[in-house]
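# Observations on the model geometry
Listed below, chain by chain, are the residues.
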Amino acid sequence: MSDIEIHAVRFDSPVAQRLIRDALADLGARYGGSGDETPVDPAEFAPPVGAFLVAHLDGEPIGCGGWRSHGAAGDTAELKRMYTAPAARGRGVARAVLAAVERSAREHGRKRMILECGDRQPEAIAMYTSAGYERIPNFGFYKDAPGCISFGRTL
């Protein structure tokens, strides 16, 4: 197997948008609806206030994830749109993307990463907890939604 390559791309690039559509379809299958109604502006994922990364395996885009600034203090990043294509799951793609997103946020001065997740994503919950994320009070668009679980970790 070739190495996973991860590169920053524009959030509104065709490759990013294709993976995001796949991510939202996956969430829609788990939760119903469009998958995620959280307001997102592509500019939020442009340096220095954010970044969006795409993972490739053997030249094919197979995963993504990004961060955007969160809160007035400017030292917190919010993880968004983490996704791995089903055919590439179990190969370390999500962990590699998560590490790259964290590294990007840290390089842009962020000290903490937070994220929202849902209780119908057991594989994501297991990955985040094994990566050192701990439960925090819910925040964001889904903070009052049943099944919302929020996590945070010092970078």
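Presented here is a report on the structure given in the accompanying data block. Keep in mind the model is a prediction, meaning the values are calculated, not measured. (Residues numbered from 1 in each chain as written. Predicted model: local features only at pLDDT ≥ 70, side-chain atom pairs only at ≥ 80, totals over all residues. Heavy atoms only, no water.)

Helix and strand content of the chain: 3 helices and 7 strands. Helices (α) and strands (β) of the chain occur, in sequence order from the N terminus, as β-α-β-β-β-α-β-α-β-β. Against the globule reference of 15 Å for 155 residues, the chain gives a C-alpha radius of gyration of 14 Å, in line with a compact fold. For the chain, the spread of C-alpha atoms along the three principal axes comes to 40 × 35 × 30 Å. When the 155 residues of the chain are sorted by exposure, 45% land in the buried category. Restricting the contact set of the chain to residue pairs at least 6 apart, pairs at least 24 apart contribute 63%. When the accessible surface of the chain is totalled, it reaches about 7800 Å², and 53% of it is carbon and sulfur. Each charge class in the chain was averaged separately, 19 positive and 20 negative side chains, and the resulting centres sit 3 Å apart. (Helix = DSSP H or I, 4+ residues; strand = E, 2+ residues; numbered from the N terminus. Rg over C-alpha atoms; globule rule 2.2 N^0.38 Å. Buried < 20%, exposed > 50% of the residue type's maximum accessible area, 1.4 Å probe, protein only. Contact = heavy atoms within 4.5 Å. Areas by Shrake-Rupley, 256 points an atom, 1.4 Å probe, with all protein chains shown as cover. Lys, Arg positive; Asp, Glu negative; His and termini not counted. Charge placed at Lys NZ, Arg CZ, Asp CG, Glu CD.)

Helix length check: helix H1 (residues 14–31) (18 residues) gives 25 Å between terminal C-alpha atoms against 26 Å at 1.5 Å per residue, within 8%. Ala-16, Leu-19, Ile-20, Ala-23, Leu-24, Leu-27 and Gly-28 are the residues of H1 that are buried. Of the residues trailing H1, Gly-32 is marked for its positive phi of about 90°. (Expected span 1.5 Å × (residues − 1).)

Another point: the layout of surface pockets. Roughly 1000 Å³ of volume is contained in the largest pocket. Leu-27, Met-82, Cys-117, Gln-121 and Ala-124 are, among the 44 residues lining the largest pocket, the residues nearest its centre. (1 Å grid on protein atoms, 1.4 Å probe; cavity = no way out; pocket = protein on both sides within 12 Å on 5 of 7 lines; lining within 4 Å. Points joined across faces, edges and corners; volume = space filled by probe spheres on them.)

Considering all chains together, one arrives at 0 disulfides under this definition. Cys-148 provides the cysteine sulfur closest to Cys-117, a residue in no disulfide bond, and the two sulfurs are 8.5 Å apart. For Cys-117, a relative accessible area of 7% puts it in the buried group. (Disulfide = S-S within 2.5 Å.)

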